[in-house]
Each structure stands twice: as C-alpha cells, then as structure tokens.
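# A structural walkthrough
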Amino acid sequence: MNPRSSFSIPFLYILICLFITPSMCQNLTATEIDVGVILDLDTYIGKMCKTCLEMAIGDFYSDHDDYTTRLVLHTRNATSDPVVATSAAVELLKNYQVKAILGPQKSRQADFIADIGNTTQVPIISFTVTSPLLSHLEIPYFIRMAQVDTSQLNAIAAIVKDVKWREIVPIYERSYYGSGIISYLADAMQGIGTRIPYRCGISPSATDDQILKELHKLMTMQTRVFIVHMLPNLAYRLFLKANEAGMMRKGYAWIVTDGIANLLSSMDSNVINSMQGVVGVKTYPPQTKELDQFTKRWEKRFHDEYPGTNHVQLNAFGLGAYDSISALAMAVENADIANSQFSVPAIQENMTDLEIIGVSESGPKLLQSVLKTKFTGLSGRVELINGQLPISAFQIVNLVGNDTISIGHWTENGITGQLPASNENSLSEKNYLQKIVWPGKSRIIPKGWDIPANRKKLKVGVPVKAGFSQFIKVETDPRTNVSNVTGYCVDVFDAVMKSLHYAVPYDVPYEFEPFETSEGSGDSAGNSDDLIRNVSTEGYDAVVGDITIRAARADYVDFTLPYTESGVSMIVPIKGDNKKSAWIFLKPLKTELWITIGAFFLYTGIVIWVLEHRVNKEFRGTPSKQIGMILWFSFSTMVFAHKERVISNLSRFVLIIWIFAVLVLSSSYTASLTSLLTVQQLQPTVTDISALIRNGEHIGYQDGSFVLDLLKGLGVQESKLRVLYTPEEYDEQLSKGSNNDGVSAIVDELPYLRVVLSMYCSKYKLVGPTYKTAGFGFAFPKGSPLVPDVSRAILKVMESPEMTLITNAWFRGQDKCSEEDMTTVDSNSLTLDSFKGLFLIAALASTSALFIFLINFFYENRHILASQVPVKQKVAAIAKTFNEKKEDAHVAAKKEKSKEEEIEMAARGEIHLTPGATSFSNSEEGLFSPDEGSSSPGPGTLYHALTVMGINEDRHRKYSFHSNSDSFLYDKI
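Residues numbered from 1 in each chain as written. Predicted model: local features only at pLDDT ≥ 70, side-chain atom pairs only at ≥ 80, totals over all residues. Heavy atoms only, no water.

### Quick notes on the nonpolar core
Met48, Ile171, Met247, Trp254, Met275, Trp298 and Leu328 are the most contacted members of the largest nonpolar core, which has 89 residues in total. Ranked by the residues each element gives to this core, the list is headed by helix H14 (residues 316-335), at 12 residues. Met275 has contacts with Phe239, Met248, Val256, Ile260, Leu264, Met267 and Leu399, leaving out every residue within four places of it along the chain. Listed in part, the 47 residues of the second largest apolar core include Val544, Tyr752, Phe780 and Ile794. (Core = buried A, V, L, I, M, F, W, Y, C linked by side-chain atoms within 4.5 Å. Buried < 20%, exposed > 50% of the residue type's maximum accessible area, 1.4 Å probe, protein only. Helix = DSSP H or I, 4+ residues; strand = E, 2+ residues; numbered from the N terminus. Contact = heavy atoms within 4.5 Å.)

Rendered as structure tokens:
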C-alpha cells in the first residue's frame, strides 16, 4: 500500500470529525460487523420484526456512541419456505461472511439453519421460533430470544384446573411447530388430573372440507373444551369453519396459545367474528414508560412503511427482535472480533458450498459473549439460561367484539387479576373467571362436556294436516297414544339420513314429533310458519314435511337443498271445443297485437302519402280523396291488393319492408287459425290469472299455505278467496264453478296440483304462468352443521333409483294420465312479444325514410325558413309549398333556362315586358316594387314580370334594373 495513501485516510477522518458530532464521527470510524437477517417479509410478523430491528440499530448506537463496532444488517426474505430460508443463510455466509444470523421466523426453517450455524460456528439468534424441539442444549449455536412454547402450558393448566374441566382435546398443527408441544401438554394436563381423550392433528395443507370433517368428528364426542396450538394462517381457517359448524356457540370453550393470542388484535374482521369468546394466553412484557414511548414510535413508522396494513399491534415477537440487536451489539463489542475471518479449507474437488465457506474463527467467542449478556430491555429482563429466556409472566385475554380484554395474569405463583408489585407470593384469585365472555356471549362457565351427537336423538317436528296425506300423514293409536308418521316426505328424509350415515363419520338418530296442540289430539298447533319458528326457538332440532323453502322462513332456519319440483301454478276446469264461435277468427291474435297491427297500417299509410304527395298525382286531390287514399293504400297491402304506383325511392324502401312484415303476420295468423279450426282439443276455461282477477272470479288455495300471501300480492281481494283442504274438496269446488258458490281456479304449489291432476286428469288442466319457488326442503336451526351434509345426501338420494321407488309408492295415480294431460297450457293466441322485433324493423324503416324526406324538403325551402316574416306566415308558406306538385328535375331545369333567357332579352331591350313607361326607384327595394305615386294602371312592372316568369324573390336580388323611357338596362351584381 502506498504510505502516502495510508497516512491520508486517518488524517481525512480527523479533519471530518472536526466538523461533525462525536456520534457521527464514531460511526465513520467504527468497524462494521456483518449480520444476516432472515424473515418472512410477506407476513405481518416479518414486517413487524424488520421494523423493530432497524429501529433498534438506530436507537442502540445513538445511546452507545463510544462503541468501536457497528452491526450492519443484510436482510433476506424467506417467503415462508424452508428451502429459500436455507439458501439465504448459505448466501449470507458465502458472500458476506456474516458473524451471526438473526432469524429465521418459523421452526421448520430454523431446524435447517441451526444445523448450518452449528457447522460454521455462526450463532443463530431467533426471536420467533418457540418450538421445544429446537434447543440450545442440542444445537449449541442456536439461541432463543423468546419464550419456549412449553412455558405457557402451566398458565393453560392453571385455567383448566380453576374451571375444573376433566377433559380437553388439543387441536394442533401437524408440523414441526405444532407437534412439539403435544407431549408436554399431556404431561401438564396429567399433573392436574385432566384427561386428553383425543388429539386432533390438522395438516397445514388441509382443505376446508377436511377441517370441517375433523370438526364434525369432534362434535360426536363428549368433550367441549379445545386447546388450539397452530400457526395463525391455519388457525384462522379453523375458527371460520368452527363457527360455520356451530362450535362457537354456548357450551363450547376454546383456548389458544401464545402464537395466536399475540395476533388477536391484528386479525381480519371475519376471523374476529368467528372467534368471539376465545380465551388466549400470551407473553406479557413489563409495562414501562420506555415501552410505551417505543410503541408509539413503532406504530408511526410501521404505518409509514406499510400504509395499507390495518389492525397493527406490537407484540412480544417484535420486542424480542428489538432486544436481540442490543444483546448482539453488546456481545460483539465485548468479544473483540472486529478483525476475525472465516477459516477456509483448501479448495478440493466435489466440495459443497458449506464446506467452501469454512468456519467462523470468532464464532465460539461471540457465542459465549451472547450467552453472558445481561440487561433490561423492552421485553423485560434479558438473561439467557440454557440459551433461551426464562419463564416470565403471561397475560390471559378474552376476545370480545373487536377487543382483547385482559382477564388476568399468570406467574409462577398462579393466576391473579393484577400482577403484584413485588415478588411475594399471591394466592390465585378465581374471580377472573367471572370476567370471561365465553362463546355464545355467555358468562356461564361451560361445563366442558355434552351428550355426544351420536347419542342424542334429534327432535324432528312434522306438520299435522287434514289433506294431501301422500306427503305427510300423522296417525295416533288411540290405545297407546303413540303417533305414527308416514308419507312421501318422511320416506325421503329416512333415505337421506340413511345415506348420511355412510357419507359422514357420525350417525344421527332422530324421532318424529307431530306439531299439534296436545299430545295425540290430532289438531295442528299452527301453520308452516309457526312450525318453522319453533325451530329457531329450539323447540325442534329439525322440521320434515311439505315445507316450502321461502326467503322469509330462511331468516329463522337453514334449509337444505330442495327435494321436490318448485313453482306455484293454477288448475282450471276444461271446456268443450269452441270451433262454432262466431268470433273465432279474432282468436289467433291477442288484442294488443290487433291494435298494434292497425296502428302500423295507419302509420305506414301516412308515411307513404307524405313521401308521394308532391311527386305522385295519385296521392293528390281533395282532402277527402287523400284521406281515403291513406287508408286504402295501407290496408290494401294486407292482401297485397294495392294498385297505385309509387315514384319515390324512399316510398319503395318503406313499402318493401312493410310488405315483408305483412307477409310474416299473415302467415302466422293463417297458421294459428288453421290450428284452432282443425286440431281437436279440450281447452281450459281460462289461461291467465289476471282475467280471473278482472272478472272478480273466486279462487281457491290450500289451508295454511303461503299462496295466500302470493294471491294478495297479485291483487286478489280476500273476499274472492276460498280456503280448501283436500283433493276431493278441490274437485268439488271446481266442479261447481264460481257462479255456483265454487271456485273458477285453484292456485297451489306444483306437487299438490300434480296429485289433483293424477286423480282428475280428464276434468282439469294446469294453466297459466308458473311462479318460481324453491320447492320442499328440510329445515334445521341456524348454523347447524348437518345442513351441508344433509344437502349432499339429498343429491345422492335424488340421483339414485331409490327416489323413483319412493315417488312411485306414493303417487301411483300419476301413471294413469299422460304428460300431455297434465302439461301447463298458456293462451293459444299470438302475443305482441312474438313480433316486437318485426315491428321495430318496420318502425325504423318508415321513420328513417320520413326523417330523410323532411330534411331534404326543409333544405330545399330554407329561404322560407330564413326569411324575416312571422312564424305563422312561414308555416303557411311551407304548407303551401308542400301542397304544390313538384316537377321532376329535367323539366324544372328546362324552364329555369328559358326564364333566364327571357330576362336577358328584356334587359337588352329586345323584348318589352310591360306597356308604357313605369318609373322605378334606384333603391334596392325599388327594384322589386313600383315607386309610390306611380299611376301605372296595369301590372306592367319588372317585379311582376319576373314573378310571372317564375323567378322567385331570392333570384330577383341577383340583378339591378334602371328605367330609361321604355327600355331597360341591367347590370349583373
């Protein structure tokens, strides 16, 4: 090295230090120590720890400006992948020869990197890895700046003991992180006399259906207390499904470990809503003034760096990251490793990257220095015992609404409402249990067990009805007073539940209970809506019967998929053939279609007359003749009998389109009329419910049906409605008719109408529009986990031959009637909707031609519109011009030329336009009118001459005339 250059560098530092602060000068002269950082920067914890590390560097060296070393961080993103994390560690060691690595974030990542650190003698300091499977005693270069997971088990055991739960079920993540705690948890529970009858392990890659399946399995067991230990992402999915399965209701208890409890305030709102009543245990740092100040600074910086992140809260992992910088910076300064290097072996063939990296010469010295470091940080007292922080205090929290409520604190002395000011022993205060709001917003401590679902019979309510026993029938034995429930709906439910037994890992026993006023009375306790509301009030566990799925009912219960066809329609009596009707020729078309056709005939005739009036003599004449021509020409096109020749191209265009439309309409009319006259058919008396409403006819409906509300919504007066009960009563009332105290039609759901038609298919017909409904379904309480499984079982049953057997068993009579006899009949008349497109094309053609004509006409007569005369005179002039016959272009041009030649001759004096001398003024106005006081008796003026020759006023202004005795001179302007 050049001696002059080596001398100049220290001299330059001294010169700079004269002008800056001592701390800045120290930073320039301090030896940089490379340190690797490996975090999952796409996660909330990774972002939080990165911010804390960067703030810790600035804070530490600001307070220790006399240090001769300075940590330089090299951060890498592990993307939650152990392989990526391991690659990042190798890259940091190879390229930067880092003296220590902070991180990684997950236990599985640390399992690989800790071994690398052990091999290269580089300390691995983690502040988020809490699995007990990783230990400094087994991997000397692994240091944990956090509480190990087993340290919280005593706090959880204290809660279970105080509540006196005799059984708990752990739900854990089947991974390196989750499995490590289970054996220690079993030991802790055994120490307080609590059993673990089942261990529920869930893979991190499990689907939502697999999670739901595990939860259903738990519901079949007696235990209702669950301890959840898993990473946040899987935990969020678990609680969403638990809430969906109805396991976050009263009677259940959920306890989450530190990894989840630390993030309760940072979760998504959907997850928070699904975790109401959860109790958590999390690390509790001492509440100091320094911690409060740092928390405020951290929140501001975090929002500045990640403005889109909501619900942020600093937790123990971030504080551990902050204190890790202090511990490492002190250890580096005390170990005096500024000039240390890696011991690299001689390069040989087939050497791995790890072998090429070598071994850190300062590693053992730095490790011991870190282990001996003691100080008080933001997380509390930092003193490593066996390479990890000792057990500290834990806070017990309860998620209520959007807040995590502090319930109490646990120390080695037990649980207390508030931490004691000293280390004196304090007795466990069980009053904290009264503060907890458990799932279902209950303050009653769950007993921890319940009768298993596979031992409890569902109480299934069934309606009691007088008619349509094919669907549901309740018979009571008078001797034993035992009800026997049968019917199509019951058989379908039995088949579905039988299928459910094989579809899901539990069996559901059930019993039917009639919805009657008193046991064995046979009288219904209400309608279907009343029965549904009994489910929401926990009167029944389910409802089976001819219950239609309705939106209003879905507010009280959860429905399965429907198992019958849907819709509300109408049956009416069949009337005889109407071929002998005198007005049958009007029947092929609806009234609105007849009116529309007439209007278009008239409109097309008017458009043709407008286009032809000025150029075609056949469209001229007296007003009465022209009106007759409009009507005759338009309506004669209906039978293609028009003989008038059209001249205008626009008229021809309109006529072509209209004749095509008439052809389509006449063909459709002919086809419909032919069908009416030739096909033998029995027609319904009415095909539209609106006709019944207009005529005030009586309409029937089934007792207790929602169809009553539907009919009222359609405008049917309640006095015109008749309540019916049985198919036989349907027949009786329809046979009487509305005029004989019966009904003209019956509106009901399709399944009931099919039953009536199967019994009387030769007398009635299904007519009119079908109002959509969802069909019959089984009802369960809101949030019931049975609904999705029962729905899937319904699909399986409906796709199986068993459904056909059930249907045939209860509705055999339908085979006697053909499908044609039962088919819904609409009106045979053609409607306007069928020809909207055709009328639209005809209207566009006629209107476009009329518009083009008017534009051309007004352009030709623009001098009238531009004149200064009153509007009334303009309108009269336009009307007069329109009424005049327009000559063709050739004749008009010839006359124009002749007139101009006569004017030229008159100007040269070759012809004399008027007898005698007439005086004209030289003013512009005088060119077109005789001077005042002129005594000329006749029209011998130039103005009159030009007018006689057909030269209009606009062309008069092109010339200037002067009188000279009897001759005229002119100058063209």
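### Looking at helix H6 (residues 153-163)
For H6, a buried count of 9 out of 11 residues is recorded, marking the element as mostly surrounded by other parts of the structure. Lys164 sits one or two positions beyond H6 and adopts a positive phi of about 70°.

### With respect to helix H26 (residues 786-798)
Here H26 contains 13 residues, and its C-alpha end-to-end distance of 18 Å stays within 8% of the 18 Å for a straight helix at 1.5 Å per residue. Every buried residue of H26 is accounted for by Leu786, Val787, Asp789, Val790, Ser791, Ala793, Ile794 and Val797. (Expected span 1.5 Å × (residues − 1).)

### Description of the sheet that holds strand S5 (residues 142-144)
Spatially, the 5 strands line up as an open sheet ordered S2-S1-S3-S4-S5, and their pairing is parallel. Every other strand in the sheet has two partners, leaving strand S2 (69-77) and S5 as the edge strands with one partner each. With direction set aside, neighbouring strand axes in the sheet form an average angle of 25°. By the bridge criterion, 3 bridges tie strand S4 (residues 124-126) to S5 in an arrangement that is parallel. The residue bridging Ser126 from the neighbouring strand is Arg144, located in S5. Contacts between H14 and the sheet are confined to strand S1 (31-39), S2, strand S3 (100-102) and S4, with S2 contributing the most and set at about 135° to the helix. (Pairing = 2+ DSSP bridges. Axes fitted to C-alpha atoms, helices over the stretch in contact; angles between N-to-C directions.)

### Some details on the sheet that holds strand S8 (residues 225-229)
Pairing between sheet strands relies on hydrogen bonds along the backbone, with the strands arranged either parallel or antiparallel. Read across the open sheet, the 8 strands follow the order S7-S6-S8-S9-S10-S15-S16-S17; overall the sheet is mixed. Of all the strands in the sheet, the pair left with one neighbour each is strand S7 (200-202) and strand S17 (414-416). Across the sheet, the mean angle separating the axes of adjacent strands is 25° when strand polarity is ignored. Where strand S10 (residues 279-283) lies against strand S15 (residues 394-400), 5 bridges are found, and the strand directions are antiparallel. Its bridge partner being in S15, Gly280 is matched across the sheet by Val397.

### Concerning the pairing of strand S9 (residues 253-256)
Side chains Ala253 and Ile255 project from S9 onto one buried face, and the interleaved Trp254 and Val256 project onto a second face that is buried too. Pairing of S8 with S9 involves 4 bridges; the strand directions are parallel. Its bridge partner being in S9, Ile227 is matched across the sheet by Ile255. The pairing of S9 with S10 spans 2 bridges and is classified as parallel. Opposite Val256, over in S10, you have Gly280 as the bridge partner.

### Focus on the environment of Ala188
By the secondary structure assignment, Ala188 is in helix H8 (residues 182-191). C-alpha of Ala188 to C-alpha of Leu153: the two residues are 35 residues apart in sequence and 6.6 Å apart in space. Among residues more than four places away in sequence, those in contact with Ala188 are Leu153 and Ala157.

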